[in-house]
Structures are given as C-alpha cells and as structure tokens.
Amino acid sequence: MDPDITTAVKTALMRAGACAVGIAEAGPVDDSAMAQFDRWLASGHEAGMTYMHNHREIRRDPRLLLEGAASVICMAFGYRTGRMRDPGLPHISAYALLPDYHDVIRKLIRESGIGETLGEEHRDWRICIDSAPVMERYWAVRSGTGIRGDNGSVIIPGYGCEVFLAEIVTTKRLRPDTPLDRDCGHCGACRSACPTGALGTERTADCRRCISYLTIEHRGPWESAEQIMAMSTAAGKKTLFGCDRCVTACPHNRKGIPCTGMPDPSDEILALTDDDILTLPPDRLSAKLKGSCLKRAKTDGLRRNALNLGSL
Ligand code: SF4
Ligand code: SF4
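Presented here is an overview of the structure given in this document. As the structure is a computational prediction, the values presented were derived from the model and not from experiment.

What counts and what doesn't
Residues numbered from 1 in each chain as written. Chains lettered and ligands numbered in written order. Predicted model: local features only at pLDDT ≥ 70, side-chain atom pairs only at ≥ 80, totals over all residues. Heavy atoms only, no water. Helix = DSSP H or I, 4+ residues; strand = E, 2+ residues; numbered from the N terminus. Rg over C-alpha atoms; globule rule 2.2 N^0.38 Å. Buried < 20%, exposed > 50% of the residue type's maximum accessible area, 1.4 Å probe, protein only. Contact = heavy atoms within 4.5 Å. Areas by Shrake-Rupley, 256 points an atom, 1.4 Å probe, with all protein chains shown as cover. Lys, Arg positive; Asp, Glu negative; His and termini not counted. Charge placed at Lys NZ, Arg CZ, Asp CG, Glu CD. 1 Å grid on protein atoms, 1.4 Å probe; cavity = no way out; pocket = protein on both sides within 12 Å on 5 of 7 lines; lining within 4 Å. Points joined across faces, edges and corners; volume = space filled by probe spheres on them. Nonpolar A, V, L, I, M, F, W, Y, C, P; charged D, E, K, R; others polar. Salt bridge = Lys/Arg side-chain N within 4 Å of Asp/Glu carboxyl O. Near = heavy atom within 4 Å. Sits in = over half its atoms within 2 Å of the grid points. Domains from an automatic or database assignment. Phe/Tyr/Trp six-rings, centres within 6.5 Å; stacked < 30°, edge-to-face > 60°. Arc of directions from axis to C-beta. Disulfide = S-S within 2.5 Å. Pairing = 2+ DSSP bridges. Axes fitted to C-alpha atoms, helices over the stretch in contact; angles between N-to-C directions.

Helix and strand content of the protein chain: 14 helices and eight strands. For 312 residues, the compact-globule formula gives about 20 Å, and the C-alpha radius of gyration of the protein chain, at 20 Å, lands near that figure. Overall, the protein chain is about 60 × 40 × 35 Å in size when its C-alpha atoms are taken along their principal axes. Classification of the 312 residues of the protein chain by burial places 51% in the buried group. Considering only intrachain contacts with a sequence separation of at least 6, the fraction spanning at least 24 residues in the protein chain is 77%. Surface summary for the protein chain: the accessible area is close to 14200 Å², and the carbon and sulfur share equals 51%. Treating the 40 positive side-chain charges of the protein chain as one cloud and the 40 negative ones as another, the clouds have centres 2 Å apart.

Here's what the structure looks like:
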C-alpha cells in the first residue's frame, strides 16, 4: 500500500472535477446491506427494473468485476450549474439538463491522468458509472465519500446530495478511508417534498409510485392504480422527465456544490417543451435530444409524459 499513490489518485480526480473522493478496500458488501437490498427486491419496489435481480454475486463482491481488484475508488461530481429551466416549463430533473453524465464523467476520469498511476485500463482498473452491477451508494458510504440520507441519496458533507456518483475498481492497493460517523439529521424535508409517498423507511424508494422511475425507466402506459395515482398528482402532471424533489428539498444542498469539469446545460434541453416532444418530426426531435440523458426514456416514454401534462 503506497500512500503517495493514494494521494496522487485523489489529487488527480479532484482536479478533474470531483467534489469528494474516498477509497475502500475491495471485498464483500456487508451482509446487512445485502439483506436490505434483497428486502427491497422482495417487496417489488424495483418495479419494472428486473435487471436489478441480475448479477447478484458481482453486486455482492466487486472483486468479481476485475481480477485481482484490491480497492474501490468512489467519486462524487456536482451537477447543479446554476442555469435552470423557466419554472413555467414542464419539470425536468436538474441533472438531466446536462449532457449525458456517463460520457462526461468517463472522459473526465480518463483525462485526469490516473492511468499513469493505476496502469492499463480494463486490465488494472475499470470505471463504473451505472454501467456495472456495483452497489454505488454503499461504496460511497464505506469509502467515507459521503453519508446516506433518508432520501436514499448520498450526501457529501458540506456540499449536499446533488451529485453523480462514479467508481473505479482497481488492482492497486490504496490506503482506505474510514466511513463518516454521522447521519443526515432526519429533518423530514425529503419525505414532505415527495408528492407520492414513495420514500420508504430504509432509505429506499418504492419505484412503483416514484415519478422519477415512472417518467424515465417505466416502459409502456401507466396502468396500475399506484402508477396512475402518482402521475395524477400535481407534480406528476408537471413532469416531463425525472423528479428528484426529495433530493432538491434536502437542506444539505444549501451551500451548493462546485460543478467543475461539467459542461453547461444544453440550450436545447433548457428550452424543451411538451410541444417539441409531441409535434417535432422524429429526426428533429432526435437532433434536439442528441447526447442528452432524456434519451433514456425513449421517444414513446417522452410522448407519454408529455401527453400527461395536458390537464395542467
Ligand atoms: S424522486 Fe420524486 S416521487 Fe421519487 S421518491 Fe423522490 S420525490 Fe418521491
Ligand atoms: S431532507 Fe432531511 S431527512 Fe431527508 S436526507 Fe436531507 S437531511 Fe436527511
């Protein structure tokens, strides 16, 4: 374990734009965390995200992702740039105003110079940004990068929870950090802000009634009573993509997070309307959404969301 390498890696990633970096020794996820994950799946709260049942063993131990893995490097990148949509327009989650974070963060990490320290990508280290079955919030907490809030998000003390998380699994044995010994404060603002009562007692959400899930991941029409209830709320009828009201409401966000390294929100997405979604020819709509997180909902999903705004 080389303390100089640990410092070099952290410095490079902070320079690349991360607002927090923590390191954990690679190994099995605690039984209690796996049991909680299993309870969430067993309750059906993952809704249509059946892929969450896959690759349980890899999820349980990131060493199965990369031969010889010794450390997990966790990073948080702030995403609120200050440029927001006109509040009169349909709601789009703040993070989705930026170009797709998967590509942006991968590029920031690759250009940070850590390859000189960690070795060859794919053989000596692997980047995970929603792209591998990794318990990212668990590792963010275990590495001391942040704490888990009652809204389910990872809160970076002093900054807040409006962050993207990313991990690097590496064969390098780096000096691990200690988990932070504090909790979020349990003020209840996230729970009060949730329009559908989707937040559970174990810092998880019931996706069957979560507007974020229903407007991004859910495929097809909303049919169950819970889905229809959620999307008939005032918030549901104002939402084009995402939600995150439980994240925005958290008082830990007051100071804001430096958003270094992130590109500005796209002007096209800042101004996007439901009319654009419903009336633009497919090629022009596709051009507007190029490189955007909104593509995750697919054209049919965005049209469904836009049609739901009709009775505002
Ligand atoms: S994203 Fe919205 S609907 Fe889902 S838990 Fe948070 S506030 Fe509730
Ligand atoms: S809003 Fe309050 S209860 Fe919810 S995560 Fe933030 S500090 Fe915790």
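What follows deals with the layout of surface pockets. If you add up the space inside the second largest pocket, you get close to 250 Å³. At the level of elements, strand 3 (91–92) and helix 10 (245–248) are the ones that each hand at least two residues to the lining of the second largest pocket. Class assignment for the residues of the lining of the second largest pocket results in eight nonpolar, three polar and six charged.

Attention now moves to the pattern of salt bridges. If charged atoms from side chains of opposite charge come close, those side chains can pair. As enumerated under the stated definition, the model contains 20 salt bridges in all. The residue Arg-56 makes a salt bridge to Asp-38 at a minimum N-O spacing of 2.6 Å. Taken as a pair, Arg-56 in helix 3 (residues 56–60) and Asp-38 in helix 2 (residues 31–42) lie far apart in primary sequence, 18 residues in all. Judged by relative accessible area, Arg-56 falls into the partly exposed class, the value being 32%. A relative accessible area of 27% places Asp-38 in the partly exposed class. Across the salt bridge formed by Asp-61 and Arg-63, the nearest N and O atoms sit 2.7 Å from each other.

Time to look at the site of ligand 1. Lining the immediate surroundings of ligand 1 are Cys-194, Pro-195, Thr-196, Ala-198, Leu-199, Cys-210, Ile-211, Ser-212, Cys-243, Asp-244, Arg-245 and Cys-246. Listed by contribution, the elements that provide at least two residues to the shell around ligand 1 are helix 8 (211–216) and helix 10. Of the residues contributing to the shell around ligand 1, the split by class is eight nonpolar, two polar and two charged.

In this section: the site of ligand 2. If you check the shell around ligand 2, you find 13 residues, and the closest are Asp-150, Cys-184, Cys-187, Cys-190 and Cys-250. Most atoms of ligand 2, that is more than half of them, are within 2 Å of grid points of the largest cavity. Grouping the amino acids of the shell around ligand 2 by side-chain chemistry returns seven nonpolar, five polar and one charged. Viewed by domain, the shell around ligand 2 spans two of them, domain 1 (3–82 + 99–170) and domain 2 (189–311), each represented by three or more residues.

Here we take up the packing of aromatic side chains. The tally for this structure, following the rule as stated, stands at seven aromatic pairs. Geometrically, the ring pair formed by Tyr-95 and Phe-164 is edge-to-face, given 6.1 Å between the ring centres and 90° between the ring planes. Taken together, the residues Tyr-95 in the loop between strand 3 and helix 4 (101–110) and Phe-164 in strand 7 (residues 163–170) connect sequence positions 69 residues apart. Considered together, Tyr-95 and Phe-164 belong to a single accessibility category, that of buried residues. Among the aromatic residues, those joined into a ring-pair cluster are Tyr-79, Tyr-95, Tyr-101 and Phe-164.

Bringing helix 9 (residues 225–232) into the picture now. When helix 9 is considered as a whole, its buried residues turn out to be Gln-227, Ala-230 and Met-231. Mapping the buried residues of helix 9 onto a view down its axis gives an arc of 90°, with all of them on the same face. Looking at the buried side of helix 9, the elements it contacts are helix 8 and helix 14 (298–308).

All right, on to the state of the cysteines then. Using the criterion set out here, one finds zero disulfides in the structure. Note on Cys-207: no disulfide assigned, nearest cysteine sulfur contributed by Cys-210 at a separation of 5.5 Å. The class of Cys-207 is buried, set by a relative accessible area of 9%.

Turning our attention to the sheet that holds strand 4 (residues 125–128). Strand order across the open sheet formed by four strands is 1-2-7-4, with antiparallel pairing between neighbours. Looking along the sheet, the strands with just one partner apiece sit at the ends: strand 1 (20–25) and strand 4. Direction aside, neighbouring strands of the sheet carry axes that sit 20° apart on average. The pairing of strand 2 (residues 71–78) with strand 7 spans eight bridges and is antiparallel.

Okay, the pairing of strand 2 next. For strand 2, a buried count of eight out of eight residues is recorded, marking the element as mostly surrounded by other parts of the structure. Here strand 2 shows two buried faces, one formed by Ser-71, Ile-73, Met-75 and Phe-77 and the other by Val-72, Cys-74, Ala-76 and Gly-78. Of the strand pairs in this sheet, strand 1 and strand 2 are connected by six bridges, and their pairing is antiparallel. Bridged to Ile-23 within strand 2 is Ile-73.

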